[in-house]
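Chain residues, written in single-letter form:
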Amino acid sequence: MKHCGARDAPGLQIIFSRYGKVLPGDLTHYVVPDASVAVDYLEILEFRELQGIVLTQTACQAVQHSKGRRQYNRLRNLLKDPRHDCVLFANEFQEYSYCPREKGESQEKWQTRCVYSAAVWYYNHLAGMMDIVMITEDQEAVAQYSSLNSGVYVISVQDYLQNFWPELQAAHELYSSISQALQEKESEGKEREYGEHLPAEVLEAGIKSGRYFQGTLNVSKHRAQTEAFIMMESFSNKSTDMSCVLVHGEKNRNRAVHGDVVVVELLPKSEWRGKVTALTDGQGEEKSGEDGDSKLLPTGRVVGIQQRNWRDYVVTFPPRDGTQSQSRNSQRILAVPWDHRIPKIRISTQQADTLQDHRVVVRIDSWESTSLYPNGHSVRVLGRAGELETEVQTILIENCIHVLPFSDAQLREMPVNSPEKPWKVDPAQATERRDLRQSHLVFSIDPKGCEDVDDTLSVRSLAGGEVLELGVHIADVTYFVKEGSLTDLEARARATTYYLADRRYDMLPAVLSADLCSLLGGVDRYAMSVLWELDAHTLAVNKVWYGRTLIRSSYQLHYELAQALLNGEGAAVLELAGLGSEEKDAKLAQLTQALETLTDVARHLRAQRDRGGALELEGVEVRAQLDEERNITALVPRQPLEVHETVAECMIYANHWVARKIQEAFPHQALLRHHPPARQEFFSQLVESARAKGFTIDTRSNKALADSLDRAVDPQDPLVNRLLRMMTTQAMSEALYFSTGAQSLDQFYHYGLALDRYTHFTSPIRRYADIVVHRLLTAAIAVEREAGAAKALASNKELEEMAQHINSRNRAAKRAQKLSTELFQCLYFKDRDPQTDQRCVADAVIYTIRDDGVLAFVPEYGVKAPVYLKNREGQVVAAAQDGSCEWQSGSVRRHAHRITTTSSCGTSTFRLFDHITVRISVHSFHCHADRLNLEVISNKPYHSAEPQEPRSQGRCQLVQEVVRLAEEAHQQAQEKAARQPKLSREEREFCQSKTPNLYSLLEEVRELALRDLDTVPQVCATSA
């Protein structure tokens, strides 16, 4: 009899694997965890090194009942994930393994007996060909069952790890941490610190009656101890006009943690409060309708928690002060989370002294009403606080970004392209695809040095010049990444390529992202193309063709070269270098003509969108300088070129037409991207700020807003319009992916781009949404050819769940990118003396007035931060006749568009959009991220005594210099030890360069603009 459970035994799927997984047959044993192990030690079972795990139905139900939906879903995902050798056995539906509960038997004992019975049945079913190891924390069960059946071993989790996985140190440490946390759980005091949460049925009844309100708790980043908000999306009581509820103080928060779904009860109106409008450390712009008046907000208290959304948290173990409780074997430490919004977490550990000043990943286990703080356990140590690698890993963990190296199994799915075995076009594909290699002049326009070229363009004249054919050709990633493959599952989990200031983590393996899916010049590549036949005179669309193509890009241009050709300037095109003069001139004229035609078409497309109300919002453009070894030497700010907009318009056009195609083919199962209009109250700061300069901003529609922004230009200061556009971006709602079956047609509209339908099709190398759209387009084309009914690739529910996952991962990527930029900004200034280093002095522009200061933007470094005009000692900033500022006793008064300070020197006024001179320094924190501090040193604009060009390099050298210093420090440490490989950990483990590609640089510097990506969508051409 073949033993089911091995991969050569298809009967296993019938027995216990509803997810189509089977266990390896070449193991020494299978592992059956007891119910209590599944409940308390699930994290250990998630180690991929542990193979052959059989989770019983009894254990899964125990997790569901004792840990809730979130933990149960985590268990289900473990079972579904093909990367884990873990399967489900429905033991309670198997006649010979089922055990009825005996009279007087406790639930825990019954569950253990059920799991043991399942282990025995399974051993017998495999005819004794595979040993079974049941792991449990019940020592009585070990004694009772361990000798009953040969071949079925019952041991503790600790014994299992020590005997079978002695080298898996991380699992041993995690086991110790969880065990200590469980032992300490019952030792809390009995005095109640918080009110008990109401039962679920009471909460549900209260929500239906309108007495209670449900929402997600959002703790203020800047006033975490006192302010939290619950955004109200819908109400049972329709007469209520609330948009959010304020929860003031930690007692009213009642053990809810940032991100939890909670139920609140409103307090009497006499206890309602308003938002604090004074400055706080690290405060940038906040997305709110606040106009300076601290009006009262509905205020409530948490009475219940619908869903815990706890995650991994990074904490720092503070220096010992003698007040922490300790026992002989462990010490209970109040660890301080890196995120200000998270309360201190009590950790029991034997390594308290060793882990001082270290960043540690922890998980919360419980928060009882008798405890002031939640209890948790440590998972792993990241490193010493303040070290570059530790801080980068902290940012990733805090944003739930867990990017493991691509596995051997995933890499085995990849095609081979090597000098010994070069990749070639499949003859069958050449027959099936439309071959454009001879008929079309295809070229790419990207940042200089770009390697991951996922889009190319073509334009040609047809029908004697009466028709123009415009083509957009995108890398055909889905040919190489088959749906349901391991590579596809990994790409779906990542959802995007993660770009940080000094590195990136690719969504796809490098053989695809930088080679076979990159539309490089002079090589054959598979593409997905959209070709439009346009009337040459009116540019009206006569015909659109979609399909798979075979292309060979003739030119790999960079933006500056393409613009030089358009301007008629002398420019060297690399691909023409070896040609004779006559042939070279002819080909150059052909290329220039194509660029000019493309530019004319793009101008027409932009004008169409402008008439519809498209918004032009502010971003920061840069050019990257690379040396011969393709290392970044500088980030140089550059003026926008028309060719940028030309390429962007073509990509937007392709995205729009593909959206139309897939939505028409799959009306209820297409993946689109919409951008809802912003709520009018979010425009209040923009409107008030513009009024200070005499401008009127009309926000009634995107067209009115775009027109009024175009008029709001100060000829004396171009930064005014730039800041207003940044404030507009700040007010915008978030652009999101969605399934067409989840929204009504009127919700499809993209407000920022002024398009009725939109999606993402043009970047499948770095966005999983584009891969989904490529598959939908391929299916739509197949349906059209076969003239049959369209069969959706996924249901509306499945597609909407995927859209929500991608949206979540995109937010995480943006937050991580923003935090990474801020980290490098701080590291750049940290070792400089702000009193003597002129790079620490810069011009800043006031963009918001607060009660005790202003918020200012430093264009040179892309920094935005508070500038205090009143300090904690009650002193205010006083400006002398020459503009120099000093602290003196006095008072401060806030007005609508200005703030004044009064002292013995007289009155000093700081107005919106005033230029001031600030000194930049770093405010260091032991447990949290460092922050930049701006101090006003003159109320006049900064005029450097140095030439302007060298100063412009200050921001450009930021990432480069910080990386260099970190690498020097790392090298010095390595020299003291045995010689190690020169590759970094990322390069060794991830096969990914720490040097970002040029797209990442564009994205990184865009984050330096005046935008808070926690709340702001990107609606510019490249990210809309």
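How each quantity is defined
- Per chain, residue numbering runs from 1 following the sequence as it is written.
- Selection of residues for local features in this predicted model requires a pLDDT of at least 70, selection of side-chain atom pairs for listing and counting requires 80 or more, and totals for whole chains, interfaces and linings are taken over all residues.
- To get the side-chain values, all heavy atoms of the structure are used, and hydrogens and water are removed first.
- Secondary structure elements follow DSSP: runs of H or I of four or more residues count as helices, runs of E of two or more count as strands, with numbering from the N terminus.
- Burial status follows relative accessibility: with a 1.4 Å probe on protein chains alone, a residue under 20% of its type maximum counts as buried, one over 50% as exposed, and anything between as partly exposed.
- Every residue pair with non-hydrogen atoms within 4.5 Å of one another is taken to be in contact.
- Accessible areas in this description were obtained via Shrake-Rupley with a 1.4 Å probe; residue shielding takes into account the shown protein chains only.
- Interaxial angles span 0 to 180 degrees and are taken between N-to-C directions of axes, which are lines fitted to C-alpha atoms, for helices over the stretch in contact.
- Any angle that falls under 35 degrees is termed roughly parallel, while one over 145 is termed roughly antiparallel, one within 65 to 115 roughly perpendicular, and all others oblique.
- The classification used treats Ala, Val, Leu, Ile, Met, Phe, Trp, Tyr, Cys and Pro as nonpolar, Asp, Glu, Lys and Arg as charged, and all other residues, Gly among them, as polar.
- By nonpolar core is meant a set of buried Ala, Val, Leu, Ile, Met, Phe, Trp, Tyr and Cys residues that side-chain atoms within 4.5 Å join together.
- Pairs of strands are assigned from DSSP output, requiring at least two bridges between the strands.
- When a carboxyl oxygen of Asp or Glu is within 4 Å of a side-chain nitrogen of Lys or Arg, the pair counts as a salt bridge.
- Geometry of aromatic contacts follows a simple scheme: Phe, Tyr and Trp rings, the Trp one being its six-membered ring, pair when their centres are within 6.5 Å, and the pair is stacked under 30 degrees between planes, edge-to-face over 60, tilted otherwise.
- Look at NZ for Lys and CZ for Arg. If either is within 6 Å of the ring centre and within 35 degrees of the ring normal, a charge sits over the ring.

Enquirer: Any details on the overall build of the protein? Residues and values, ideally.
Expert: Within the protein one finds 29 helices and 39 strands. Expressed as a percentage of the 1024 residues in the protein, the buried residues total 56%. Counted over contacts in the protein with a minimum sequence separation of 6, partners at least 24 positions apart contribute 69%. About 45000 Å² of surface is accessible on the protein, with carbon and sulfur atoms providing 48% of the total.

Enquirer: Explain the packing of helix α22 (residues 702-711) against helix α23 (residues 719-731) to me, and be specific about the residues and the numbers.
Expert: The description of two helices packed together rests on the angle between their axes and the distance between the axes. Relative to each other, α22 and α23 sit at 160 degrees, their axes nearing to 9 Å. Taken together, the axis directions place α22 and α23 in an arrangement best described as roughly antiparallel. Along the contact surface, α22 presents L705, L709 and D710, while α23 presents N721, L724, R725 and T728. A class-by-class count of the residues in the contact of α22 with α23 yields three nonpolar, two polar and two charged.

Enquirer: Tell me what's going on with the nonpolar core, and back it up with residues and numbers.
Expert: By size, the foremost hydrophobic cluster in this structure holds 87 residues, and its most contacted members are F443, I445, W532, L557, L595, L671 and F761. With eleven residues, helix α20 (residues 642-665) is the largest single contributor of residues to this core. Other than its neighbours up to four places away in sequence, L595 contacts F443, I445, L557, A562, L565 and L566. Within the second largest apolar cluster, 56 residues are counted, among which are L723, A731, F829 and V936.

Enquirer: A description of the side chain of T390 should follow, citing residues and the corresponding values.
Expert: Checked against the element boundaries, T390 lands in helix α12 (residues 388-398). According to the relative accessible area criterion, T390 is buried, its value standing at 3%. In contact with T390, other than residues within four places in its own chain, are R359, L382, G383, R384 and A385.

Enquirer: For α12, give the residues involved together with the corresponding values.
Expert: Among the eleven residues that make up α12, ten are buried, leaving the element largely enclosed by the rest of the structure. Residues L388, T390, E391, V392, Q393, T394, I395, L396, I397 and E398 constitute the buried set of α12. Note on α12: the residue one or two positions beyond its end, C400, has a positive phi of about 55 degrees.

Enquirer: Go over the sheet that holds strand β13 (residues 313-316), please, and point to the residues and values.
Expert: Here five strands make up a closed barrel; going around it, the order is β13-β14-β15-β17-β16 and the pairing mixed. Across the sheet, the mean angle separating the axes of adjacent strands is 50 degrees when strand polarity is ignored. In this sheet, strand β17 (residues 375-384) lies alongside strand β15 (residues 345-349) in parallel orientation, the contact comprising two bridges. Note that in β17 the partner of R346 across the bridge is N375. Its contacts with the sheet put α12 on β13, β16 (358-366) and β17, and the angle it makes with β17 is roughly 145 degrees.

Enquirer: Kindly report on the pattern of salt bridges, identifying the contributing residues and their values.
Expert: Counted by the stated rule, this structure contains 53 salt bridges. Note that R437 and D435 form a salt bridge whose closest N and O atoms lie 2.7 Å from each other. Between R757 and D756 there is a salt bridge whose closest N-O contact spans 3.4 Å. Exposure remark for R757: the relative accessible area of 14% places this residue in the buried category.

Enquirer: Go over the pairing of strand β25 (residues 541-552), please, and point to the residues and values.
Expert: With two bridges connecting them, strand β18 (residues 434-435) and β25 associate as parallel partners. In the strand pairing of β25, D435 is matched with L550. Where strand β24 (residues 524-535) lies against β25, eleven bridges are found, and the strand directions are antiparallel. Each residue of the ladder has a partner; that of E533, found in β25, is K543. What sits between β24 and β25 in their antiparallel hairpin is a turn of five residues, with L539 showing a positive phi close to 65 degrees.

Enquirer: Can you explain the packing of aromatic side chains? Please cite residues and give values.
Expert: Enumeration according to the criterion identifies 19 aromatic pairs in this entry. Seen in terms of ring centroids, W121 and Y122 are 6.3 Å apart; in terms of plane orientation they differ by 35 degrees. Their pairing is tilted. Both rings, one in F480 and one in Y526, keep their centres 6.1 Å apart while their planes meet at 25 degrees; by these two values the pair is stacked. Pair noted here: F480 is in helix α15 (residues 477-480) and Y526 is in strand β24, with a separation of 46 residues, a long-range link. The exposure class of Y526 is buried, given its relative accessible area of 2%. Here the basic side chain of R494 rests over the ring of F406, its NZ or CZ set 4.1 Å away from the ring centre. The ring of Y828 has R832 sitting right over it, with the charged end atom 4.2 Å from the ring centre.

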